[in-house]
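Now for the letters of each chain:
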Amino acid sequence: MSLAEERTYYPEAFLTRMQELLGAEYAPFHDALTQPAVQGLRVNTLKTNPERFLEIAPFHLTAVPWVADGFYYEAPDRPGKHPYHAAGVYYIQEPSAMSAAEVLQPKRGDRVLDLCAAPGGKSTHLAALLQGTGLLVANEPHPQRAKILSENIERCGVTNALVTNEMPDRLAERFPAFFDKILVDAPCSGEGMFRKDPDACEEWSPGHVTACAVRQLDILDVASQMLRAGGTLVYSTCTFAPAENEGLIESFLQKYPVFELVEIHTFDHFSPGQPQWAAGGRPELAKTARLWPHRLRGEGHFVAHLRKTDGEPARRQKESKPIKLPAEALKSYQQFAEQALRNMPSGEFLLFGDNLYLVPSGLPDLKGLKVVRPGWHLGTLKKNRFEPSHALALGLRVDHIQHTVPLTAAHPDVVHYLRGETLNAESAKGWVVVTVDGFPLGWGKQASGMIKNHYPKGLRWP
Ligand SMILES: C[S@@+](CC[C@H](N)C(=O)[O-])C[C@H]1O[C@@H](n2cnc3c(N)ncnc32)[C@H](O)[C@@H]1O
């Protein structure tokens, strides 16, 4: 295909630049761009493991080589329409995007920040790696996108996350030298999205690439202030433009000599970054990783792993004071918990208006910050009673629940429940959790031989 014909599909300046950069490799790169996008999902290890998932999932799955929990699926599988999706058993995620959290690799107990987090693919991956320990702060400045992020955190049963809706500099005031690990999955020109999202193509221009690079350096600047000495940071994009990748990291390292690149060497399928594509690029830029759509099955990504070698040690902020719940509130929650739960989740409570949360320990004072979700939402205090939240059901394991309505994925009542219908099922009186193959789907309330549906209205299936 000539450049003129290609122009019908992709911006000419993009193709010309890629041809200049890739030389002999341009042809296979371009061939890859004409293929359909690949599709992937990541098993949520807060809820199950890949072995069990492979036994129960009715999809055509093959392993993503660089992530133990990642799988390719085939288009007719439509995993977004399966009840397991509603139960948060997996997250639908483009396979090369699974590389970033895998490289950051938080350890149990770490304090982790995901600074540009919506819709939450990488946040839910980081949460799975933390396994309910430590703290995850998932931030997104766009209000609508922050809401979607919060819903995905809820669906995936993440119980140790603070979700905020802030610009990075506002967070940096509150969290200086606070985090052990930070992910900056930067807003970018999205060239790796061209195959699956024609809008990304429409919005692209050389000027947009330059503007993205300016914003990315600003975001990295601020992120670096929130990392403790010895902490590590992953910077990633889903674009091919050197100005947003090797060039950006070169500019950052020139400004902050206290950072060094950590080699990303464990993944055979990744290619090294290209120092010669950055003006004055240091040889260490080869320690960054490029995921090319013509060299692996994925849309494309860039990942840089940086360590802060010096600076302020971990600063432990003055923690917010544990709140003593009003006696009435505590009583109605305890009454609910005795009826509905086997092991009451323990920890620090927080009352935000009428909403009761369990908050991760070690949080600084959040006053003045735009907080979408300060922790695990347990429920709402109504007059003389407690109403459990969807987040509570989705964050519970089945052995923590007193009464369940256990359904299999093939049972018609699963769809009835997800549509918001009343169920005719036997169960003890009071709050029950409807499960699909052992995974909580949501609350119901048994009365007079019927189960009243408490699946959230906004999530109901048509
Ligand atoms: C590549 S997307 C993040 C995808 C996400 N990490 C995931 O895996 O689902 C980049 C996000 O950065 C957000 N963003 C835009 N401007 C930002 C800024 N100045 N600081 C932080 N995030 C920003 C965008 O709204 C967008 O949601």
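Every value quoted in this text rests on a predicted model; they were computed, and no experiment measured them.

### Quick look at the overall build of the protein chain
- Within the protein chain, the regular secondary structure consists of 15 helices and 22 strands.
- Each of the three principal axes of the protein chain carries a C-alpha extent, and together these read 70 × 50 × 35 Å.
- The proportion of buried residues among the 462 residues of the protein chain is 47%.
- Put simply, 72% of the contacts in the protein chain that link residues at least 6 apart link residues at least 24 apart.

### Regarding the UniProt feature "active site" (unreviewed entry) in the protein chain
- When the UniProt feature table is mapped onto this chain, "active site" (unreviewed entry) is found at Cys238.
- Taking the C-beta count within 10 Å as the criterion, cysteine 238 has 25 such neighbours and is therefore assigned buried.
- In this structure, cysteine 238 is in contact with Ala97, Cys188, Gly190, Gly192, Met193, Glu299, Gly300 and His301, ignoring residues within four places of it in sequence.

### Quick look at the nonpolar core
- In this structure, Leu136, Ile182 and Val184 are the most contacted members of the largest nonpolar core, which totals 122 residues.
- Residue contacts for isoleucine 182: discarding those within four places in its chain leaves Leu113, Leu115, Ala223, Met226, Leu227 and Leu233.

### Examining the sheet that holds strand E4 (residues 90-92)
- Ordered by their spatial adjacency, four strands build an open sheet running E2-E3-E1-E4, and the pairing between neighbours is antiparallel. Two strands lie at the open edges of the sheet, namely strand E2 (62-63) and E4, each paired on one side alone.
- Pairing geometry for strand E1 (residues 40-43) and E4, over three bridges, is antiparallel. Considered in E4, the bridge of arginine 42 is made with tyrosine 91.

### Considerations on the site of the ligand
- Neighbouring residues of the ligand: 18 residues in total, closest Cys116, Gly121, Lys122, Asp185 and Pro187.
- Contributions of two or more residues to the shell around the ligand are made by helix H7 (121-130) and helix H11 (206-225).
- By residue class, the composition of the shell around the ligand is ten nonpolar, three polar and five charged.

### With respect to the domain arrangement of the protein chain
- Its domain assignment divides the protein chain into domain 1 (97-308), domain 2 (319-396) and domain 3 (403-462).
- With 20 residues of domain 1 at the interface, the matching set in domain 2 holds 16 residues.
- Among the elements that take part in the side of domain 1 that touches domain 2, helix H8 (residues 143-155) stands out by supplying six residues, more than any other.
- Within the side of domain 1 that touches domain 2, the residues separate by chemical class into seven nonpolar, six polar and seven charged.

### Overview of the sheet that holds strand E14 (residues 348-352)
- Strand order in this open sheet of four strands is E14-E15-E17-E18, and the pairing throughout is antiparallel. At either end of the open sheet lies a strand with only one pairing partner, and these are E14 and strand E18 (385-388). Across the sheet, the mean angle from the axis of one strand to that of its neighbour is 30°, orientation sign disregarded.
- Bridge analysis of strand E17 (residues 376-382) against E18 gives four bridges, and the strand direction is antiparallel. What sits directly across from lysine 382, in E18, is arginine 385.
- Against the sheet, helix H13 (residues 327-340) touches E14, strand E15 (355-359), E17 and E18, its axis set at about 55° to E18.

### Concerning the packing of H11 against helix H12 (residues 246-255)
- Close contact between H11 and H12 brings their axes to 10 Å; oriented N to C, the two are set at 45°. Compared by their axis directions, H11 and H12 come out oblique. In this structure, the crossing between H11 and H12 has a hand that is right-handed. Every residue of H12 that contacts H11 at Ala213, Gln216, Leu217 and Leu220 is listed here: Gly247, Leu248, Ser251 and Phe252.
- Residues that form the contact of H11 with H12 fall into these classes: five nonpolar, three polar and no charged.

### Considerations on H13
- Its 14 residues give H13 an end-to-end C-alpha distance of 20 Å, which sits within 8% of 20 Å, the value for a rise of 1.5 Å per residue.
- Every buried residue of H13 is listed here: Ser332, Tyr333, Phe336, Ala337 and Ala340. All buried residues of H13 fall inside an arc of 135° around its axis, so they share one side. Across H13 from its buried face, at more than 90 degrees, point the exposed residues Ala327, Glu328 and Glu338.
- Buried-residue contacts for H13 involve E15, E17, E18 and strand E20 (430-436).

### Section: the pairing of strand E8 (residues 179-185)
- Among the seven residues of E8, six are classified as buried, and the element is accordingly described as predominantly covered.
- Across three bridges, the pairing between strand E5 (residues 111-114) and E8 is parallel. Bridge pairing links valine 112 to lysine 181 in E8.
- Across six bridges, the pairing between E8 and strand E9 (residues 227-237) is parallel. Directly across from phenylalanine 179, in E9, lies its bridge partner leucine 227.

### Thoughts on the confidence of the model for the protein chain
- In this model, the protein chain carries a mean pLDDT of 93, and residues with pLDDT of at least 70 account for 96%.
- This stretch, residues 1-8, has a pLDDT under 50; its non-local contacts, to residues over four places away or in other chains, come to five contacts.
- Two summary scores accompany this predicted model of the complex, namely pTM at 0.96 and ipTM at 0.99.

### Here we look at H11
- In this model H11 runs 30 Å from its N-terminal to its C-terminal C-alpha over 20 residues, within 8% of the 28 Å that 1.5 Å per residue would give.
- Where H11 is concerned, the buried positions are Val209, Cys212, Ala213, Gln216, Leu220, Ala223 and Ser224. Along the long axis of H11, the arc covered by the buried residues comes to 105°, so they all point the same way. In H11, those exposed residues whose orientation departs by more than 90 degrees from the buried face are Gly207, Ala211 and Val214.
- Buried residues in H11 make contact with helix H9 (168-174), E8, E9, H12, strand E10 (259-262) and strand E13 (301-308).

About the criteria used
Residues numbered from 1 in each chain as written. Predicted model: local features only at pLDDT ≥ 70, side-chain atom pairs only at ≥ 80, totals over all residues. Helix = DSSP H or I, 4+ residues; strand = E, 2+ residues; numbered from the N terminus. Buried ≥ 20, exposed ≤ 12 C-beta atoms within 10 Å, placed from the backbone. Contact = placed C-beta atoms within 7 Å. UniProt positions renumbered as here; feature names shortened; annotations may be inferred. Core = buried A, V, L, I, M, F, W, Y, C linked by C-beta atoms within 7 Å. Pairing = 2+ DSSP bridges. Near = placed C-beta within 6 Å. Nonpolar A, V, L, I, M, F, W, Y, C, P; charged D, E, K, R; others polar. Domains from an automatic or database assignment. Axes fitted to C-alpha atoms, helices over the stretch in contact; angles between N-to-C directions. Parallel < 35°, antiparallel > 145°, perpendicular 65-115°, else oblique. Left-handed = near helix turned anticlockwise from the far one by under 90°. Expected span 1.5 Å × (residues − 1). Arc of directions from axis to C-beta. pLDDT = per-residue confidence, 0-100.

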